[in-house]
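Reading the structure
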Amino acid sequence: ISLTLTEFRITPNTLSVPAGVPVTFVVRNAGQVQHNLTVELESQGIEQTLFATNLAPGETRQATYTFSAAGTWEMYCPVDGHRQLGMQGTITVTAQAATPTAATAPSPTATPAPTASPTATPSPALTPTSAPAAPATPTPRPAPTATRVPAVTPTTVPQVVPATGHGASRPSWITAVLLILGIAGIGYGLRARRRAE
């Protein structure tokens, strides 16, 4: 909104703006002395001067202000005596209307999605495409095959012809002991081999 300040007048001196919306004022001092601009809602004790320092003659500034309440606001020049000389006006602040989209526009998600017909054929995707895998069966290990150990035929110990004379029985006794030990050793070896298998 463009406003022009002169001695002693604000042009235009009536405005209408919505509440709750930022309003930018472009104010030009076309007079010969300093001026400023204050807005006021006396019923609620609100008063705001738009510029921290006065505008020099020929200076233009802008300020943004949001009117917090609806009603009839006053605007005037706060420099000493200028308001009493007629440098003032009114601002009608109207309540902001609700946006049409919030009041009437249906939500895009309000329409329910079309549902499938009750007689629709079930999708083939619902049927499993493959039978469930059977649990893995451990591979049977072949039973150990018993290895036949060829029977050991005792080696025929050559018979020692007993010598005649005084010591003829000693070689036969030694041979018998050796034969028994040999047979016992062979039997022990067979048992050990079977245990290992």
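The following paragraphs examine the structure supplied in this document. These figures come from a predicted structure and were not determined experimentally. (Residues numbered from 1 in each chain as written. Predicted model: local features only at pLDDT ≥ 70, side-chain atom pairs only at ≥ 80, totals over all residues. Heavy atoms only, no water.)

Examining the packing of aromatic side chains
The full count for this structure, using the stated rule, is four aromatic pairs. A centroid spacing of 6.2 Å and a plane angle of 70° characterise the contact between Tyr65 and Trp73, whose relative ring orientation is edge-to-face. Neither residue differs from the other here; Tyr65 and Trp73 are each classed as buried. Here the aromatic residues Phe25, Tyr65, Phe67 and Trp73 are joined through ring pairs into a cluster of three or more. Cation over ring: Arg83 sits above Tyr76, and NZ or CZ is 3.9 Å from the ring centre. (Phe/Tyr/Trp six-rings, centres within 6.5 Å; stacked < 30°, edge-to-face > 60°. Buried < 20%, exposed > 50% of the residue type's maximum accessible area, 1.4 Å probe, protein only. Lys NZ or Arg CZ within 6 Å of the ring centre and 35° of its normal.)

What to know about the sheet that holds strand S6 (residues 46–49)
Within a sheet, neighbouring strands are paired by backbone hydrogen bonds and run either parallel or antiparallel to one another. With mixed pairing, five strands are arranged side by side in an open sheet as S3-S9-S8-S5-S6. Across the chains shown, the open sheet's two edge strands, defined by having one partner strand only, are strand S3 (14–18) and S6. Taking the axes of each pair of neighbouring strands and ignoring which way they run, one obtains an average angle of 20° across the sheet. Bridging between strand S5 (residues 38–41) and strand S8 (residues 71–76) involves three bridges; their strand directions are antiparallel. Bridge pairing in S8 places Thr38 opposite Tyr76. (Pairing = 2+ DSSP bridges. Helix = DSSP H or I, 4+ residues; strand = E, 2+ residues; numbered from the N terminus. Axes fitted to C-alpha atoms, helices over the stretch in contact; angles between N-to-C directions.)

Brief notes about the pattern of salt bridges
Evaluation of the coordinates by the stated rule reveals two salt bridges. Salt-bridge contacts for Glu40 lead to Arg83; the nearest nitrogen and oxygen are separated by 3.5 Å. With Glu40 in strand S5 and Arg83 in the loop between S8 and strand S9 (88–94), this pair connects stretches of sequence that are 43 residues apart. On the basis of relative accessibility, which here comes to 12%, the residue Glu40 falls in the buried class. Owing to a relative accessible area of 25%, Arg83 belongs among the partly exposed residues under this scheme. Taking the shortest distance from any N to any O, the salt bridge between Arg61 and Glu59 comes out at 2.7 Å. In this structure Arg61 comes out as partly exposed when scored by relative accessible area, which is 21%. (Salt bridge = Lys/Arg side-chain N within 4 Å of Asp/Glu carboxyl O.)

Things to note about the sheet that holds strand S7 (residues 60–66)
What the four strands build is an open sheet, ordered S2-S1-S4-S7; its pairing is mixed. On the outer flanks of this sheet lie strand S2 (9–11) and S7, each paired with one strand and no other. Within the sheet, the average angular offset between the axes of one strand and its neighbour, ignoring direction, is 25°. As judged from the three bridges shared by strand S1 (residues 2–6) and S2, these two strands associate in the antiparallel manner. Opposite Thr4, over in S2, you have Thr11 as the bridge partner.

So, the environment of Tyr76
Of note, Tyr76 is situated in strand S8. Given the relative accessible area of 7%, Tyr76 is considered buried. Tyr76 sits 37 residues away from Val39 along the chain, and the two C-alpha atoms are 6.8 Å apart. For Tyr76, the contacting residues outside a window of four places in its chain are Ile10, Asn36, Leu37, Thr38, Glu40, Glu47, Arg83, Met87 and Gln88. (Contact = heavy atoms within 4.5 Å.)

Description of the nonpolar core
Counting 25 residues, the largest nonpolar core has Phe25, Phe67 and Ile91 as the members making the most contacts within it. Taken together, the elements giving at least two residues each to this core come down to S1, S3, strand S4 (22–29), S5, S7, S8 and S9. Broken down by element, this core gets its largest block of residues, three residues, from S4. Once residues within four sequence positions are removed from consideration, Phe25 is found in contact with Ile1, Leu3, Leu15, Leu50, Arg61, Gln62, Ala63, Tyr65, Phe67 and Ile91. (Core = buried A, V, L, I, M, F, W, Y, C linked by side-chain atoms within 4.5 Å.)

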